[in-house]
Structure formats: structure tokens, C-alpha cells
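One letter stands for each residue in the lines below.
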Amino acid sequence: MNGDANGTMKGRHGEGFALVTGASGGIGAEFALQLAASGRALILVGRNRGRLESTLGALRGPRAAESLAIPMDLSEQGAASRLHAECAARGLVVDTLVNNAGSGVFGAAVDSDPQAVEAMLRLNVEALASLSALFGRDMRSRGSGDILNVGSFAGLQATPYFAAYAASKAFVLDFSLALRAELAGTGVNVSCLLPGYVRTAFDANAGIGSPAYLKFSEANSLDAATVARIGLRALARRKSWTIAGARNRFAAALFSLLPRSIPPRIMRAALERLI
Ligand SMILES: NC(=O)c1ccc[n+]([C@@H]2O[C@H](COP(=O)([O-])OP(=O)(O)OC[C@H]3O[C@@H](n4cnc5c(N)ncnc54)[C@H](OP(=O)(O)O)[C@@H]3O)[C@@H](O)[C@H]2O)c1
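In this report, the structure presented in the accompanying data block is examined.

Digging into the site of the ligand
So, step 1. Surveying the vicinity of the ligand reveals 31 residues, the closest of which are Ser24, Arg47, Asp73, Tyr165 and Thr200.
So, step 2. Ile27 has a polar backbone atom sitting 2.9 Å from an oxygen atom of the ligand.
So, step 3. Contact distances for the ligand include 2.6 Å between an oxygen atom and a side-chain N or O atom of Thr200.
So, step 4. Looking at the shell around the ligand residue by residue, the class counts come to 13 nonpolar, 14 polar and four charged.

Thoughts on the sheet that holds strand 5 (residues 68-71)
So, step 1. Strand order in the open sheet formed by seven strands is 5-4-3-6-7-8-11, with parallel pairing between adjacent strands. Where the open sheet ends on each side, the last strands, each with one partner, are strand 5 and strand 11 (241-243). Geometrically, the sheet is characterised by an average inter-axis angle of 15° between neighbouring strands, direction not taken into account.
So, step 2. Where strand 6 (residues 94-99) lies against strand 7 (residues 145-150), four bridges are found, and the strand directions are parallel. The partner of Val98 across the bridge, within strand 7, is Leu148.
So, step 3. Taken strand by strand, helix 4 (residues 114-142) contacts strand 3 (17-21), strand 6, strand 7 and strand 8 (188-194), and its axis lies near 160° from that of strand 6.

Quick notes on the packing of helix 3 (residues 79-89) against helix 4
So, step 1. Viewed as axis vectors pointing N to C, helix 3 and helix 4 meet at an angle of 30°, and their least axial separation amounts to 9 Å. Looking at the two axes, helix 3 sits roughly parallel to helix 4. The chirality of how helix 3 crosses helix 4 is right-handed. Residue-level contacts link Ala80, Ser81, Leu83, His84 and Cys87 of helix 3 to Ala127, Ser130, Leu131, Leu134, Phe135 and Asp138 of helix 4.
So, step 2. Here the contact of helix 3 with helix 4 is built from residues that sort into seven nonpolar, three polar and one charged.

Description of a nonpolar patch on the surface
So, step 1. A surface patch of nonpolar side chains, amounting to about 500 Å² of accessible area, comprises Phe250, Leu254, Leu257, Leu258 and Ile266.
So, step 2. With respect to the helices and strands, the residue Leu258 is situated in the loop between helix 9 (246-256) and helix 10 (262-272).
So, step 3. In this structure Leu258 comes out as partly exposed when scored by relative accessible area, which is 33%.

As for the packing of aromatic side chains
So, step 1. Overall, the coordinates contain eight aromatic pairs when judged by the stated rule.
So, step 2. Their ring planes at 85° and their centres at 6.1 Å tell us that Tyr197 and Tyr213 sit as a pair that is edge-to-face. Of the two residues, Tyr197 is situated in the loop between strand 8 and strand 9 (198-199) and Tyr213 in helix 7 (residues 211-219); the sequence distance between them amounts to 16 residues.
So, step 3. Note on Tyr213: relative accessible area 2%, which makes it buried.
So, step 4. Cluster of aromatic residues (ring-pair linked, three or more members): Phe106, Phe162, Tyr165, Tyr197, Phe202, Tyr213 and Phe216.
So, step 5. The ring of Phe17 is capped by Arg63, whose NZ or CZ atom sits 5.8 Å from the centre of that ring.

A look at the nonpolar core
So, step 1. Of all hydrophobic cores here, the largest spans 40 residues; its most connected members are Leu19, Ile43, Leu74, Leu83 and Cys87.
So, step 2. Counting residues per element, this core draws most heavily on helix 4, which supplies eight residues.

Thoughts on the pattern of salt bridges
So, step 1. In this structure the tally under the stated criterion is seven salt bridges.
So, step 2. Residue Glu15 is joined to Arg40 by a salt bridge in which the shortest nitrogen-to-oxygen separation is 3.5 Å. Separated by 25 residues along the polypeptide, Glu15 in the loop between strand 2 (9-10) and strand 3 and Arg40 in the loop between helix 1 (26-37) and strand 4 (41-46) bring together distant segments of the chain.
So, step 3. Glu15 gets classed as partly exposed once you look at its relative accessible area, which sits at 34%.
So, step 4. Ionic pairing is found between Asp95 and Arg40, a salt bridge with its closest N-O pair at 2.4 Å.

Scoring rules and cut-offs
- Residues numbered from 1 in each chain as written.
- Predicted model: local features only at pLDDT ≥ 70, side-chain atom pairs only at ≥ 80, totals over all residues.
- Heavy atoms only, no water.
- Near = heavy atom within 4 Å.
- Polar contact = N/O pair within 3.5 Å; in protein donor to acceptor, adjacent residues only side chain to side chain.
- Nonpolar A, V, L, I, M, F, W, Y, C, P; charged D, E, K, R; others polar.
- Pairing = 2+ DSSP bridges.
- Helix = DSSP H or I, 4+ residues; strand = E, 2+ residues; numbered from the N terminus.
- Axes fitted to C-alpha atoms, helices over the stretch in contact; angles between N-to-C directions.
- Contact = heavy atoms within 4.5 Å.
- Parallel < 35°, antiparallel > 145°, perpendicular 65-115°, else oblique.
- Left-handed = near helix turned anticlockwise from the far one by under 90°.
- Patch = residues over 30% accessible without salt bridge, like charges linked within 9 Å, V, L, I, M, F, W, Y side chains within 5 Å.
- Areas by Shrake-Rupley, 256 points an atom, 1.4 Å probe, with all protein chains shown as cover.
- Salt bridge = Lys/Arg side-chain N within 4 Å of Asp/Glu carboxyl O.
- Buried < 20%, exposed > 50% of the residue type's maximum accessible area, 1.4 Å probe, protein only.
- Phe/Tyr/Trp six-rings, centres within 6.5 Å; stacked < 30°, edge-to-face > 60°.
- Lys NZ or Arg CZ within 6 Å of the ring centre and 35° of its normal.
- Core = buried A, V, L, I, M, F, W, Y, C linked by side-chain atoms within 4.5 Å.

Written as C-alpha cells, this is what we have:
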């Protein structure tokens, strides 16, 4: 890495870094691989050091060698501030932020473990909002930057058995759209990606064990590389939000025509056949 007169570590081409949260697997690892291939240097964040190192080792591109991993649990109180401070202390300029890390807690809301739900909300909601604010502020003062927040199709309607997860993803879309409006004209772009089912470890990590559900999810899923590509394309085109997959766009359009109380009833009936 090269240092400028202020001691700030920037890339050879004077560009900053793309920071991807949840880069140790799934869609996040694909974001990292594709950003590296397009010439970016990466900061990879996630909890699992070994898997982050694997992603780091798989990066290919002119600035791949400048990339680094910062292992961190973003569901811990104050994690976003620590990550921002660590980047600042190392002089790493983040000009692209991909808020991808997220987790789900599956099951009836009243039967869920409150601690697991709270940890999920700290990750999906609090860390995402704080990272957007902290790095977004820096981007605004430099007059340029890109933020891609990963929501979910599930956030478009209340979703039984994924109640808190879906609500957290509704937050992601609303927050992203508001942030985008606030930052319009500052040179900072904010886009939101809404995937449907994606073939990753997400279902297993969310505690979904039903073979029927997993079969349905698999049959209706896109692969992580495709979803990452859709997200990065939306970011490059400065789209406000995009739903990944034609089938999901069609379902979202149908649901949007209905009163808000109806889709959850449809989702409940559909899910109860699968779990
Ligand atoms: N897969 C789907 O069907 C689907 C659908 C819609 C939306 N999404 C969204 O897409 C995003 C990526 O999910 P995915 O499908 O790629 O799932 P995944 O395979 O489970 O990957 C999740 C990533 O987030 C990281 N992560 C989880 N908890 C973390 C924590 N406390 N602190 C820091 N990093 C953490 C994980 O790394 P570590 O374990 O190393 O921490 C991993 O890299 C999520 O926001 C998810 O909600 C997924």
C-alpha cells in the first residue's frame, strides 16, 4: 500500500477501499471477489478469521494484494464505532461500503430466544445504521462514495416465522431510502439490494431444519454470485433499490397491490405447509 503526504493509506491509483461486511462466506464473499476483479482493494469483515482469510486468499485483481481482513463480531455493542476507528487508525479510506452481514432467527416469534433476536437486531439494524452513518459522514465530507445495503425480499411484507428478521430488513430498505434522500447532491450514493432465496449457509444459520422448506428454498434460489452481481450493478447504476430475480419482482408487485394485512396471511399459509 502507498501512503500520501498525510500518511493516509490509499491504493496505487489514489482510490480508497471497498469494505464488505459478512465477507467470510455467502453473498459477501462474492461481493468481495467481484469487487477485487473490478480493480478494488478490499477490507473484509466478519467473525470467522479462518473463513475471512480464505476469501482474502481467493481475491484476484490488480489491487487484491492490498486487501486485508478485520475479524469482528458486529452484533457486539459499539462494534461499528470500533471498526470505523480501526480503519481511521490504519489510515484506510473507505469509499465503498457494502453492509452485507446479516443473520436470521427462524420460528414463532413468541417461542424465539430473546437474546438471539436481540443479537440479530444489533447486527441487521444497529450495526448497519451506524456503519452507514460513520462511513457515510466521511464520504460526504470527501464529496463521493457508495453505500450498498443488503435488505431482503422478506422485508417487503410482514413475514410470519421470520417476524423480527423481516422487520429488520424492512428497516434496512426504509433507512437506505431515507439516507439516500438525505445524501442526494453530496456525491454519496446509497442503494439497497433485496435478495429472495439465495444458495448460502443462511437457512442453516437461521436454524431452519425442515427438509420441505430447504427443498423449496433451494428450488427457488439464485446463486450468491448472481445476487452479488445484481447488487453491484444496481450500485454502479445508482439505483435506489433492486429486487434480485424476476420471480421475486413479480411476487413483490403482486403483494404490493394487496392491503398490508393480507400478505402475512398468505405467507403464514405457505410457510406452514413447509415447516
Ligand atoms: N441467503 C438468503 O436466502 C438471503 C435472502 C435475503 C437476504 N439475505 C441477506 O443477505 C446477506 C448475506 O447473507 P448470506 O445469504 O450470504 O448468509 P450467510 O452465508 O449466513 O453469510 C452471512 C455473513 O454474515 C457474517 N456475519 C454473521 N453474523 C455476523 C456478526 N455477528 N458479525 C459480523 N459478521 C457476521 C457471516 O460471517 P461470520 O460467520 O464469519 O461472522 C457471513 O459472512 C444477509 O444480510 C442476509 O440477511 C440472504
